[in-house]
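Below are the chains, spelled out letter by letter.
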Amino acid sequence: MEAEQVNDLDNAFKSLERAHILGQRYFIPHIATHWQMLRIGLKRNDNREVIGQIVRLIATVPGFIFGWVPRGNPGGANISALKPVPLPADLQPLLADSPIWRDVLIRLTIYAVIVLIVLA
């Protein structure tokens with residue numbers, strides 16, 4: 001990240017918040033964003049952020065499995081991990097056709113098929 005390379009940790013974190021909003025529906029980008037936020041928190045010596053990111057890294061797995069995505073949440077420890085937040089205006093067009101319930105239904109279908117295969 002360019003901002004991090006020049007030690008502009010505030011702008012690096014702001015970029016990660018936007019990346020979180022865009023990628024939180026997808027497991028790998030979501031967890032990678034929280035990992036990078038944890039790194040920035042460590043560089044800033046921000047204990048609240050470090051603890052918040054550790055909790056979020058752990059919560060990413062069940063959140064993904066059960067489809068809980070608080071839409072628009074920037075992922076930092078300064079906002080509840082459960083709180084949906086209005087999308088920034090410039091990101092709205094990118095997420096306009098991404099209904100969360102569709103993702104939840106797809107996941108539930110996949111899990112149901114896996115369970116049926118295991119039980120069969």
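The following paragraphs examine the structure supplied in this document. On a predicted model such as this, the values are computed, not experimentally measured, just so you know.

**Some thoughts on the environment of Leu105**
Phase 1: With respect to the helices and strands, Leu105 occurs in helix α6 (residues 100–119).
Phase 2: For Leu105, a relative accessible area of 53% gives the class exposed.
Phase 3: Note: C-alpha distance between Leu105 and Asp46 (59 residues apart in sequence) is 38 Å.

**Topic: unusual backbone geometry**
Phase 1: If you check the backbone angles, Asn45 has positive phi at about 55° while not being a glycine.
Phase 2: In this fold, Asn45 is placed in the loop between α3 (27–44) and α4 (47–66).

**Examining the packing of aromatic side chains**
Phase 1: Per the stated rule, a full pass over the model turns up 1 aromatic pair.
Phase 2: Aromatic pair Phe27 and Phe64: ring centres 5.4 Å apart, planes at 55°, arrangement tilted. With Phe27 in helix α3 and Phe64 in helix α4, the pair connects residues that are 37 residues apart, well separated along the chain.
Phase 3: Judged by its relative accessible area of 27%, Phe27 falls in the partly exposed class.

Conventions used here
- Residues numbered from 1 in each chain as written.
- Predicted model: local features only at pLDDT ≥ 70, side-chain atom pairs only at ≥ 80, totals over all residues.
- Heavy atoms only, no water.
- Helix = DSSP H or I, 4+ residues; strand = E, 2+ residues; numbered from the N terminus.
- Buried < 20%, exposed > 50% of the residue type's maximum accessible area, 1.4 Å probe, protein only.
- Phe/Tyr/Trp six-rings, centres within 6.5 Å; stacked < 30°, edge-to-face > 60°.

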